[in-house]
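Overview (structure and organization)
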Amino acid sequence: MYQAQKKIYARAVSGWFARWRWALVWATQIIFYGLPWLQWAGRPAVLFDLPSRRFYVFNLVLYPQDFIYLTGLLIISAYALFLFTTVAGRLWCGYACPQTVYTEIFMWVERHIEGDRPRRQKLDAAPWSLNKLWRKTAKQAAWIAIGLWTGFTFVGYFTPIRSLGGAVLAFGLGPWELFWILFYGLATYGNAGWLREQVCKYMCPYARFQSVMFDRDTLIISYDAERGDPRGTRGRKTDLKAANLGHCIDCGLCVEVCPTGIDIRNGLQYECIGCAACIDVCNGVMDKMQYPRGLIRYDTLEGMDKHLGRAQEIKRIFRPRVIGYGLVLLLICGALLVSLLMRSPFRVDVVRDRGVLSRVVDDGWVENVYRLQLMNASESEQRYRITARGLPGLATDLKTDIEIGSAQARWVPLALRVPPEAAASVGPGSHGVEFVVERIAASADEASRTQVEKSTFMVPR
Ligand code: SF4
Ligand code: SF4
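1. Notes on a nonpolar patch on the surface
Side chains of Ile144, Leu148, Leu178, Leu182 and Leu186 sit close together on the surface and give an oily, nonpolar patch of about 410 Å² of accessible area. Mapped by element, the contributors of at least two residues to the nonpolar patch are helix H6 (130-155) and helix H8 (175-195). Residue contributions to the nonpolar patch peak at three residues, all from H8. Residue position: leucine 148 is located in helix H6. Among the residues examined, leucine 148 registers a relative accessible area of 34% and is labelled partly exposed.

This is how it looks when you write it as structure tokens:
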């Protein structure tokens, strides 16, 4: 049921794929830590303002009604994940997943304070001393600091980070802000410092279902057993044929660098996160032995079995499943983009007053009462004119235009009225009407926009 965790002392590795992984660590972290500090038109460029239910993303001001865009983004992320996984396996896990990125950062700190694999193993096995105490304390302090800074940055996406920083310095954080900074900070510290590969092996659902997206043409990290076996130690000058040896010198370095502690020579395993550390280290060994690189490499099962060349493998990328995912992805991206470009800079919601369905007022006019919510999704103050149509003589009781500040929303109560003769001509019952809300252009170079919202008008018996 439960296996005690065996501590993994991953060895440091350098090489082409390690450089890519670090490039992605830098790119994702510069974006994550930097974005909340970026100002745009006098406000944070990206802010998810939950209390006022507004989401600012550069020029965009989104309301809860724009939830469809978030849904679109999630669908795009899912399809992109399917597409990349089908083509090249666990690219996401190996290079961009936050668990990988933070584990990489935390391991870097660990290596710089406690040393590489052999020194860490020695330190852990040694009895407590001043040297061990300060190194362990310094590592934990650095991990906690990174965790808390990450938690602070995360909350900075929901509360303007500059005022959040001021509140931290003045010990004036609200209870929820404090809770989320600690929660997210401790989650980062726990996942990247302590749990590490356990998250990928036992907690991440993607590790379990990604194999259904694999086929025989998916690029995976594989050990070329045909070339590598039989394994064994030897000198550089050893005649491999005479000694009946393959190219694997059985140095075990591919296992020592593996952050999940597996031996890729045993074949594809779900624990493999596709980080390519074993490729880098094995290529280094091959260089030293003056064997060709690529004993462990990105390859496809079909490519390995049939000894396909790179060009043949690239050709096989464009198979029906990949083309299908690609087309759906393109379609959804296109639809989302068009919908964003055509998005109205204001929104209107009509709510009928349920308390007063319909009443007869002065001179026999029939009146219905409504509330309109106007949301100005632009970055400047706007003026709106509300009219109604759909019944003869239909008029609103509004005397003036409505002004709404930038990114503000306002409820406007209003009544619609029809003269008695019109009410008699259409007869009692429910009749369709339309509210026409026109955004009045502030200047000649600004186009006015109109939005029409349907509702009903009740004429009593
Ligand atoms: S690093 Fe390469 S040579 Fe060394 S054990 Fe692994 S596969 Fe064999
Ligand atoms: S087997 Fe290789 S690619 Fe897979 S997790 Fe281990 S080091 Fe990374």
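Don't stop here, the text continues.
2. Regarding the site of ligand 1
Taken together, Tyr223, Cys248, Ile249, Asp250, Cys251, Gly252, Cys254, Arg265, Cys282, Met286, Leu295 and Ile296 form the complete shell of residues around ligand 1. Residues that form the shell around ligand 1 fall into these classes: nine nonpolar, one polar and two charged.

3. Quick word on the domain arrangement of the chain
Domain parsing of the chain yields domain 1 (1-343) and domain 2 (346-459). Taking only C-alpha atoms into account, the centre of domain 1 sits 53 Å from that of domain 2. In this assembly, 11 residues from domain 1 lie in contact with 11 residues from domain 2. Here domain 1 packs against domain 2, burying approximately 870 Å² in sum over the two surfaces, 43% of which is carbon and sulfur. At the junction of domain 1 and domain 2, the tally comes to two salt bridges. Aspartate 66 is the partner of arginine 347 in a salt bridge, and the nearest nitrogen-oxygen pair spans 2.7 Å. Our count for the contact surface shared by domain 1 and domain 2 stands at five residue pairs in polar contact (both at pLDDT 80 or more). When the residues that make up the side of domain 1 that touches domain 2 are grouped by side-chain class, the tally is five nonpolar, two polar and four charged.

4. Structural notes on the sheet that holds strand S13 (residues 402-404)
Read from one edge of the open sheet, four strands run S13-S11-S15-S16, paired in antiparallel fashion. Taken across any chain shown, the strands that pair with only one partner, and hence form the sheet edges, are S13 and strand S16 (449-459). Geometrically, the sheet is characterised by an average inter-axis angle of 30° between neighbouring strands, direction not taken into account. Across 11 bridges, the pairing between strand S15 (residues 429-440) and S16 is antiparallel. If you follow phenylalanine 435 over to S16, its bridge partner there is glutamate 453.

What counts and how
- Starting from 1, residues in each chain are numbered consecutively following that chain's sequence as written.
- Going through the entries in the order they are written, you letter the chains from A and number the ligands from 1.
- For this predicted model, a pLDDT threshold of at least 70 governs which residues receive local features, and a threshold of 80 or more governs which side-chain atom pairs are given and counted, while totals over whole chains, interfaces and linings are taken from all residues.
- To obtain the side-chain values, all non-hydrogen atoms of the structure were included, while hydrogens and water were left out.
- Residues qualify for a patch when their relative accessible area is over 30% and they have no salt bridge, like charges being joined within 9 Å and the nonpolar side chains of Val, Leu, Ile, Met, Phe, Trp and Tyr within 5 Å.
- The accessible surface values rely on the Shrake-Rupley method and a 1.4 Å probe; as for residues, cover is taken only from the protein chains in view.
- In the sections that follow, a salt bridge refers to a side-chain nitrogen of Lys or Arg positioned within 4 Å of a carboxyl oxygen of Asp or Glu.
- The helix and strand labels rest on DSSP assignments: H or I over at least four residues marks a helix, E over at least two residues marks a strand, and numbering proceeds from the N terminus.
- Think of it in three bands: residues with accessible area under 20% of the maximum for their type are buried, residues over 50% are exposed, and the middle band is partly exposed, with areas taken using a 1.4 Å probe on protein chains only.
- Working definition: residue near molecule or strand if any one of its non-hydrogen atoms lies within 4 Å of it.
- Note on residue categories: nonpolar means Ala, Val, Leu, Ile, Met, Phe, Trp, Tyr, Cys or Pro, charged means Asp, Glu, Lys or Arg, and polar means any other residue, Gly included.
- What fixes the domain bounds is an automatic or database domain assignment.
- When checking whether two residues touch, look at their non-hydrogen atoms; a contact exists if any pair is within 4.5 Å.
- Throughout, the accessible surface (probe 1.4 Å) given up by two parts as they are put together, summed over both, is called the buried area.
- Within 3.5 Å is the distance limit for a polar contact, defined as a pair of N or O atoms, with the added protein rule that one can donate a hydrogen and the other accept it, and that residues adjacent in sequence qualify only through two side-chain atoms.
- Here the rule is simple: two strands pair whenever DSSP picks up at least two bridges between them.
- Structural elements are reduced to axes, namely lines fitted to C-alpha atoms, with helices fitted over the stretch in contact, and the angle between N-to-C directions of any two is expressed from 0 to 180 degrees.

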